[in-house]
Amino acid sequence: MKEKLIEAAKKARHLAYAPYSNFPVGAALMGENGKIYMGGNIENAAFSLCNCAERTVLFKAYSEGEKRYAALAVAAKTDQPVSPCGACRQVMAELCEPDMPVFLTNGKGEAYETTVSKLLPYAFSRKDLNNG
């Protein structure tokens, strides 16, 4: 599963629209049923309207009816395994199980395995809304 998902994330880099940063990132998400969704980062001249690859693929899968996920891989041509930004981590914490595997890769073929909860410990969640 890990290798298949990482290869899909690498392919998803070609789906990116990154004319401003020239930093294409791909993400691949495997649904519980084994279907793989791919997405790339999408930039915009109004920079605040950009969307990262991780959120793109999660929103895509969710909007297509996939609500449970087995794993996520993120790929970029970086020296270190690429890591999701804070916004992506928060969306992952909302839509994914805390122990879901996340594979972070780089341009050298290295991969680092972590989980959603390790990427964002103490995530803000639905239960926090009931404390106010």
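Residues numbered from 1 in each chain as written. Predicted model: local features only at pLDDT ≥ 70, side-chain atom pairs only at ≥ 80, totals over all residues. Heavy atoms only, no water.

With an unreviewed UniProt entry as reference, the protein chain is termed Cytidine deaminase, source organism Pueribacillus theae. UniProt, in its Cofactor (unreviewed entry) section for the protein chain, records the words "Zn(2+)". What UniProt records for the protein chain under Function (unreviewed entry) is the sentence "This enzyme scavenges exogenous and endogenous cytidine and 2'-deoxycytidine for UMP synthesis." (UniProt positions renumbered as here; feature names shortened; annotations may be inferred.)

## Regarding the packing of aromatic side chains
Following the criterion strictly, the structure yields one aromatic pair and no others. When the centroid spacing of 5.8 Å and the interplanar angle of 80 degrees are considered together, the rings of tyrosine 20 and phenylalanine 47 count as edge-to-face. Here phenylalanine 47 lies in the loop between strand 2 (36-40) and helix 2 (53-63) and tyrosine 20 lies in the loop between helix 1 (2-12) and strand 1 (26-31), a separation of 27 residues in the sequence. Taking NZ or CZ as reference, lysine 67 lies 3.9 Å from the ring centre of tyrosine 62, over its face. (Phe/Tyr/Trp six-rings, centres within 6.5 Å; stacked < 30°, edge-to-face > 60°. Helix = DSSP H or I, 4+ residues; strand = E, 2+ residues; numbered from the N terminus. Lys NZ or Arg CZ within 6 Å of the ring centre and 35° of its normal.)

## Examining the environment of glycine 34
By secondary structure assignment, the location of glycine 34 is in the loop between strand 1 and strand 2. Note on glycine 34: relative accessible area 34%, which makes it partly exposed. Taking C-alpha positions, glycine 34 is 9.0 Å from methionine 1, a pair spaced 33 residues apart along the chain. (Buried < 20%, exposed > 50% of the residue type's maximum accessible area, 1.4 Å probe, protein only.)

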